[in-house]
Structures are given as structure tokens and as C-alpha cells.
Protein chains: 2
Amino acid sequence: MPDKPKDLMNYEGLAQEALRGVVRAALKKAAAPKGLPGEHHFYISFRTDHKGVSVPADLLAKYPEEMTIVLRQSYRDLAPGETYFTVTLEFGGQPKSLSIPYASITRFYDPSVQFLLQFEAVEMPADAPAATPLSAAKPLAAKPAAADKAKPAAP
Amino acid sequence: MPDKPKDLMNYEGLAQEALRGVVRAALKKAAAPKGLPGEHHFYISFRTDHKGVSVPADLLAKYPEEMTIVLRQSYRDLAPGETYFTVTLEFGGQPKSLSIPYASITRFYDPSVQFLLQFEAVEMPADAPAATPLSAAKPLAAKPAAADKAKPAAP
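These numbers come from a predicted model, not from an experiment.

1. Observations concerning the overall build of chain A
Of the regular secondary structure elements, chain A holds two helices and seven strands. Written out in order from the N terminus, the α and β elements of chain A read α-β-α-β-β-β-β-β-β. Relative to its full complement of 155 residues, chain A shows a buried share of 45%. For chain A, contacts bridging at least 24 residues in sequence account for 61% of all contacts bridging at least 6. A total accessible area of about 8,100 Å² is found for chain A, and carbon and sulfur atoms account for 54% of it.

2. Digging into the nonpolar core
In terms of nonpolar packing, the biggest core is built from 70 residues, with Phe42 and Ile69 of chain A together with Phe42 and Ile69 of chain B touching the most fellow members. Sequence-distant contacts of Phe42 of chain B, that is, excluding residues within four places in its chain, are made with Met9 and Tyr11 of chain A together with Ala26, Leu27, Ala30, Leu36, Ile69, Val70, Leu71, Phe108, Tyr109 and Asp110 of chain B.

3. Points about the interface of chain A and chain B
Each partner contributes to the interface: chain A provides 30 residues, whereas chain B provides 30 residues. Note on chain A versus chain B: buried area summed over both sides is about 2,400 Å², and carbon and sulfur give 78% of it. Across the chain A-chain B interface, the total number found is zero salt bridges. Taken together, chain A and chain B are joined by eight residue pairs in polar contact (both at pLDDT 80 or more). When contributions to the side of chain A that touches chain B are tallied by element, the ones reaching two or more residues are helix H1 (11-31) and strand S6 (105-110) of chain A. Its residues assigned to classes, the side of chain A that touches chain B comprises 20 nonpolar, four polar and six charged.

4. Structural notes on the packing of aromatic side chains
Counted by the stated rule, this structure contains ten aromatic pairs over all chains. Where Tyr11 of chain A meets Phe108 of chain B, the ring centres are 6.1 Å apart and the plane angle is 65°; that geometry is what we call edge-to-face. On the criterion of chain membership, the pair formed by Tyr11 of chain A in helix H1 and Phe108 of chain B in strand S6 (residues 105-110) is interchain, its members lying in two chains. Given the relative accessible area of 0%, Phe108 of chain B is considered buried. Their ring planes at 25° and their centres at 6.0 Å tell us that Phe85 of chain B and Tyr102 of chain B sit as a pair that is stacked. On the criterion of sequence distance, the pair formed by Phe85 of chain B in strand S4 (residues 84-91) and Tyr102 of chain B in the loop between strand S5 (94-101) and S6 is long-range, its members being 17 residues apart. Take Phe85 of chain B and Tyr102 of chain B: they sit in the same class, and that class is buried. Cation over ring: Arg24 of chain A sits above Tyr102 of chain A, and NZ or CZ is 5.6 Å from the ring centre. Here the guanidinium or amino end of Arg107 of chain B rests over the ring plane of Tyr109 of chain B, the centre of that ring lying 5.9 Å away.

5. Topic: the relation of the copies chain A and chain B
Expressed as a screw operation, the relation of chain A to chain B combines 0.0 Å of axial shift with a rotation of 180°, fitting to an RMSD of 0.0 Å. Seen this way, the second copy is the image of the first under a two-fold rotation axis. For chain A, the residue whose C-alpha comes nearest the rotation axis is Ala18 of chain A, separated from it by 2.5 Å.

6. A look at the side chain of Thr88 of chain A
All names here are of chain A. Take Thr88: it is sitting in strand S4 (residues 84-91). Polar side-chain contacts of Thr88 include one of 3.0 Å to the side chain of Ser97. Residue contacts for Thr88: discarding those within four places in its chain leaves Ser74, Tyr75, Arg76, Asp77, Pro95, Lys96 and Ser97.

7. Examining the pattern of salt bridges
A side chain with one charge can pair with a side chain of the opposite charge if their charged atoms come near. Enumeration according to the criterion identifies eight salt bridges over all chains in this entry. The salt bridge partner of Arg47 of chain A is Asp49 of chain A, with a shortest N-O separation of 2.8 Å.

8. Remarks on unusual backbone geometry
With a phi close to 50°, Gln114 of chain A is a non-glycine residue in the positive phi region. Classification of Gln114 of chain A as partly exposed rests on a relative accessible area of 34%.

9. Here we look at the sheet that holds S6 of chain A
All names here are of chain A. Taken together, the four strands give an open sheet; going across it, the order is S2-S1-S6-S7, and neighbouring strands pair in antiparallel fashion. Each end of this open sheet is capped by a strand with a single partner; those strands are strand S2 (66-71) and strand S7 (115-118). With direction set aside, neighbouring strand axes in the sheet form an average angle of 10°. Pairing of S6 with S7 involves four bridges; the strand directions are antiparallel. The residue of S7 that forms the bridge with Asp110 is Phe115.

10. Here's the deal with the sheet that holds S4 of chain B
All names here are of chain B. Strands sit in the order S3-S4-S5 across an open sheet of three strands; the sheet is antiparallel. Each edge of the open sheet is held by one strand with a lone partner, namely strand S3 (76-80) and S5. Between one strand and the next, the sheet's axes are offset by a mean angle of 20°, whatever the strand orientation. Along the sheet, helix H1 (residues 11-31) contacts S3 and S4; its crossing angle with S3, the most-contacted strand, is approximately 145°.

11. Topic: the confidence of the model for chain A
Residues of chain A with pLDDT of at least 70 account for 75%, and the chain-wide mean is 81. Low pLDDT, under 50, characterises residues 124-155 of chain A; the stretch is placed with 71 contacts to residues that sit more than four places away or in other chains.

Calculation rules
- Residues numbered from 1 in each chain as written.
- Chains lettered and ligands numbered in written order.
- Predicted model: local features only at pLDDT ≥ 70, side-chain atom pairs only at ≥ 80, totals over all residues.
- Heavy atoms only, no water.
- Helix = DSSP H or I, 4+ residues; strand = E, 2+ residues; numbered from the N terminus.
- Buried < 20%, exposed > 50% of the residue type's maximum accessible area, 1.4 Å probe, protein only.
- Contact = heavy atoms within 4.5 Å.
- Areas by Shrake-Rupley, 256 points an atom, 1.4 Å probe, with all protein chains shown as cover.
- Core = buried A, V, L, I, M, F, W, Y, C linked by side-chain atoms within 4.5 Å.
- Buried area = accessible area lost by both parts, 1.4 Å probe.
- Salt bridge = Lys/Arg side-chain N within 4 Å of Asp/Glu carboxyl O.
- Polar contact = N/O pair within 3.5 Å; in protein donor to acceptor, adjacent residues only side chain to side chain.
- Nonpolar A, V, L, I, M, F, W, Y, C, P; charged D, E, K, R; others polar.
- Phe/Tyr/Trp six-rings, centres within 6.5 Å; stacked < 30°, edge-to-face > 60°.
- Lys NZ or Arg CZ within 6 Å of the ring centre and 35° of its normal.
- Least-squares fit on C-alpha atoms with pLDDT ≥ 70 in both.
- Pairing = 2+ DSSP bridges.
- Axes fitted to C-alpha atoms, helices over the stretch in contact; angles between N-to-C directions.
- pLDDT = per-residue confidence, 0-100.

Written out as C-alpha cells, the structure is:
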């Protein structure tokens, strides 16, 4: 038996859910007419096998589990909704539309100010029930990281 | 001039605002008919001089800047709203009602699982305008702390 008392409040899940709202808020700023201010840009990693993710078949074949996108200057049609966002990005010169639920995001990183959020990967393949809960037993993974701890996202 | 680029996204403010939602969610669980599960209980510190805080005059005289309340078994009439919560607690055997905006909270701690959230004190005395922004230049203060970093709240 573990010594640590069980977290019956599910603080980890509450904090992760709350901090996914930061990603949504950041995307809303990016979607505003003026776009991203200053040098701000985003690296966003997400599970391509997560329920609700929609990416073209060739990208899914290349990244069957996880992929990272960069939102800098060349994004368009960015539309952040309540539970997912859509965006069009160029891959090899071809524009492709992606639809990404916030719950599929594993990492959000803005290198300009080294702001990093990491999320527990929610194990939820597309054919699994949507109600799979976040594990409450693992150490807290969603946290704003100090600048000196932030590492560049894998491109 | 500082070397660090200015955070034009106000990530600190976004994260703080998001994590105050964790306090609200925790209080909503505490307000449910079954009350707090297991050994969970809360130490909540807040600025008594914050706009919207309502505490009896004798408590305000004793704690003109900040006070910490404990929600364990003896709270009642706990009502968490969207922007503030109200609760009745006993002080020296006398029941007293408090009304506490989430924005006034500086610290939330659950000793049972050593879950700690700390918030930048929003410098907002009761007679100041409500629009005082959070400073974006200071290091991120709202963070779920690892268990080994958590310290017991001052009673």
C-alpha cells in the first residue's frame, strides 16, 4: 500500500482541466485580427490517436501517435472553440486543415518567453469511450514551468 | 533594459485565472451534500483589503491585510459562486459569515495530500478601481507545487 493518501479531490485532473483553458485563451489571442503579438509563437503537441482529432490521412500515417505543430506566421483559419480548435497549416507547400480537441494536447510551448505547459497524456484512442477519466494517482504533470526548466519543443 | 522578452500574452495572468478555477471546483465539492471526502480539508488565505471581501468588523480589525481560514468539519452555508464564495465559520464560538472573491485568494492548501496553489497577491484595495491588472513581469507564482515543496499553511 502506498503511504501517500489518495487524492479524492482529483486535484491533478482539476489543474489540468484549468490549464488547458490557458491554451484556449492563448489561441484566442492568436486568432484575433492582429494575430500573435511581438515574437510570440506556439509549439503545440497533441495525440493524433485521441478521440475527436481530425487530420489528413497522410499526416496521420506519418504521425500515428503524436505530432507537433508550430503556429507562427503561416497559420490561417485559426478558430478556437470551447472544446477544440481548427487551423490550416502548410505541410510541404500544401495547406491542410486540422481539428484538435484541447484534451488531446500534451504540450504547449511558447519559446519567445519559454512558457511551457505539459499535460498528462489522456489515454483515449478514437474508438474508446469518451468518459475515460484522467488518472488521479500519478504525480501532477500540468504545471507552468519556470523559464530555466523549459526545453525547446521537438519540431 | 531586461534581457527577458516581455510577455505580451500575459501567461502568468492567464494561468493564475485558470488555477483560481481549481479553488472554485474544490469548494464546489466541499459544498456538496456529502461534504469533503476522506481527510481532505482546506487552508485558504485571502486579502481582507481586497475589493469585494466582506468580513465582520472585529475580524477585519484583527486581520487588516490577510487572513487564513480552515474549512474542515465546522463550516456551514458554504456557497461557491462564479466570482466569490460565502461561508459561515465559528470564531471564538461565534458564527461569522464571510464573503470572499476568488481574486482575493493568495493561497490554497490541502494538507491531506499536500496540494498547494499560490497566487500573486492582486494589489487591489477596496477603494481602487477593479481593473487593476496583474503584473506580467514577475515570475509565475500560480503553480501546483510538488508535494515535497508544500509547506503547511500558517493557521
